[in-house]
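# Remarks on the overall topology
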Amino acid sequence: MKHLLKVVTVAASFAMLSGSALAETKMKFAHPAPDTDLSHTMALQFAEQVKEGTGGSVIIDVFPNGQLGTDEQMIDGVRSGIIDFTLSGLNNFSGMLPTSGAFSLPFMFADRPTAYKVLDGEPGQSVAAAMSEFGMKGLGFADNGYRNISNNRGPVRVPADLSGLRMRVNNSKALNDLFQVLDANPQQIPVAELYTALETGVVDAQDHPIWVVEAFKFYEVQKYLSLSQHAYSALALVMNSDSFEELTADEQAVLLEAAADAVAFQRAGNEAAEEKQIEFLMSEGMEVNRDVDSAAFQEAAKPVWANFIEENGSDMIDAILEASR
């Protein structure tokens, strides 16, 4: 009888283990970048590391190229739980978290290491924590790079060179303010529609990090690229809060480690690739100039900082500057 009970107990335990092994949580990771871009490679690496680390109990399917919507739609999808993860520009969260706009202020960060230190430190982590109020968990901040200006009129060396340009901008209030101050005509256009807008002359110019100019093939419809580096852009890797809480403690640990590794991988790769990307753009016919009068642009950008402080206070700016030291 005891032997029979032992056999039954072992069999039941094996059945439980087998059921556990067969249990599978499937998740969706959507992002706007082309499948040829490093951001997509990052997402695939993240998904693979989570799969291996959880023994296949968590499977993440990756949807690039904005397949599941615009940045705003994908963020809404994460908030509602229709999508589990997205990787999107930090500027796209400033509507719900206005003080996060401080990270996009012109000439906020002297270099990438400083930006990383601040994003990984208290200022950045306070933004990540605040995302919980909107049903999201911040997992880390990848590198979008410094924004640079391209156009079809001529090189941009001083602020006056932007006067009158129809300039595509994103939804960052700081960038809209900047190009208004510089006497350009800023117009908000989704990045998915920007190639056509440039091709048809709806706008003359745009500003993006180098990798975006290459990945979205703006070099085919833009002649001049000026390395103004007027604002640093971060990418926020976020997850639906409920999806995270539904994982086991072990699965959560694996996911957090995979996110940290993916961010580190993407940052290093994005920075290392930039000069080769510039060379490629030149080989495709873009004229690239580095002789931008940064001091003149910084002086012209001062009203943008003043506007931000008037609307949001100076606490976040002060925290960023303190963490930058």
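Structural data are supplied above this passage.
A brief look at the structure comes next. As the structure is a computational prediction, the values presented were derived from the model and not from experiment. (Residues numbered from 1 in each chain as written. Predicted model: local features only at pLDDT ≥ 70, side-chain atom pairs only at ≥ 80, totals over all residues. Heavy atoms only, no water.)

### Describing the pairing of strand β7 (residues 205-208)
Burial along β7 is two-sided: Ala205 and Asp207 and Gln206 and His208, pointing in opposite directions, are all buried. Sheet analysis places strand β4 (residues 136-151) next to β7, joined by 4 bridges and oriented antiparallel. When the sheet's bridge partners are listed, Ser150 is paired in β7 with Gln206. Strand direction decides the pairing type here: strand β5 (residues 166-169) and β7, joined by 2 bridges, are parallel. Residue pairing in the sheet places Met167 in a bridge with Ala205 of β7. (Buried < 20%, exposed > 50% of the residue type's maximum accessible area, 1.4 Å probe, protein only. Helix = DSSP H or I, 4+ residues; strand = E, 2+ residues; numbered from the N terminus. Pairing = 2+ DSSP bridges.)

### A few points about the pattern of salt bridges
All chains considered together, the criterion is met by 13 salt bridges. Asp177 serves as the salt-bridge partner of Lys173, at 2.8 Å between the closest nitrogen and oxygen. Of this pair, Lys173 and Asp177 both sit in helix α6 (residues 173-181), 4 residues apart, roughly one helical turn. Owing to a relative accessible area of 41%, Lys173 belongs among the partly exposed residues under this scheme. Classification of Asp177 as buried rests on a relative accessible area of 10%. With its nearest N and O atoms 3.0 Å apart, the salt bridge here joins Lys302 to Glu299. Judged by its relative accessible area of 48%, Glu299 is partly exposed. One network of salt bridges, in which partners are shared, links Arg112, Asp143 and Glu274. (Salt bridge = Lys/Arg side-chain N within 4 Å of Asp/Glu carboxyl O.)

### Here we look at helix α5 (residues 122-130)
Here α5 has its buried residues at Pro123, Gly124, Val127, Ala128 and Ala130. Projected onto a plane normal to the axis of α5, the buried residues spread over an arc of 165 degrees and lie on a single side. In this fold, the buried residues of α5 make contact with α4 (112-120), β4 and α13 (315-324). (Arc of directions from axis to C-beta. Contact = heavy atoms within 4.5 Å.)

### Description of the packing of aromatic side chains
Taken as a whole and judged by the stated rule, the model has 8 aromatic pairs. When the ring of Phe103 is compared with that of Phe109, the centres are 6.4 Å apart and the planes differ by 35 degrees; the resulting orientation is tilted. Their ring planes at 20 degrees and their centres at 5.9 Å tell us that Phe216 and Phe218 sit as a pair that is stacked. Within the aromatic cluster, the residues linked to one another by ring pairs are Phe103, Phe109, Tyr146 and Tyr232. Positioned above the aromatic ring of Phe244, the side-chain terminus of Lys137 is 4.7 Å from the ring centre. (Phe/Tyr/Trp six-rings, centres within 6.5 Å; stacked < 30°, edge-to-face > 60°. Lys NZ or Arg CZ within 6 Å of the ring centre and 35° of its normal.)

### Notes on unusual backbone geometry
Positive phi, normally seen in glycine, also occurs at Asn65, with a value near 60 degrees. With a relative accessible area of 41%, Asn65 lands in the partly exposed category. Phi at Gln229 is positive, roughly 45 degrees, even though this residue is not glycine. Positionally, Gln229 belongs in strand β8 (residues 224-240). Relative accessible area serves as the criterion here: at 37%, Gln229 is assigned to the partly exposed category.

### Things to note about the environment of Leu281
Among the structural elements, Leu281 can be located in helix α10 (residues 249-283). Given a relative accessible area of 0%, Leu281 falls into the buried group.

### Re the nonpolar core
The biggest cluster of nonpolar side chains holds 53 residues, and the ones touching the most others in it are Leu90, Phe103, Phe109, Met131, Met136 and Phe179. In contact with Met131, other than residues within four places in its own chain, are Leu90, Phe93, Leu97, Met136, Gly138, Ala236 and Val238. If you look at the next biggest cluster of nonpolar residues, it comprises 24 residues, including Ala47, Leu237, Ala258 and Val263. (Core = buried A, V, L, I, M, F, W, Y, C linked by side-chain atoms within 4.5 Å.)

### Examining the packing of α4 against α13
It is the contact of α4 with α13, at a shortest axis distance of 9 Å, that shows an interaxial angle of 120 degrees. Here α4 is positioned oblique relative to α13, judged by the angle of their axes. The handedness of the crossing between α4 and α13 is right-handed. Residues Thr114, Lys117 and Val118 of α4 pack against Ile320, Ala323 and Ser324 of α13. Taken together, the residues of the contact of α4 with α13 sort by class into 3 nonpolar, 2 polar and 1 charged. (Axes fitted to C-alpha atoms, helices over the stretch in contact; angles between N-to-C directions. Parallel < 35°, antiparallel > 145°, perpendicular 65-115°, else oblique. Left-handed = near helix turned anticlockwise from the far one by under 90°. Nonpolar A, V, L, I, M, F, W, Y, C, P; charged D, E, K, R; others polar.)

### Comments concerning α4
Within α4, burial applies to Arg112, Thr114, Ala115, Tyr116, Val118 and Leu119. Among the structural elements, α5, β4, β8, α10 and α13 are those in contact with the buried residues of α4.

### Observations concerning the pairing of strand β1 (residues 25-30)
Where β1 and strand β2 (residues 58-63) come together, 6 bridges link them in parallel fashion. Bridge pairing links Lys28 to Asp61 in β2. You can see the chain leave β1, run along helix α2 (residues 38-53) and come back into β2, and the turn it takes is right-handed. Across 2 bridges, the pairing between β1 and strand β3 (residues 85-89) is parallel. Bridged to Phe29 within β3 is Phe85. (Right-handed = clockwise from strand over helix to strand, strands pointing away.)

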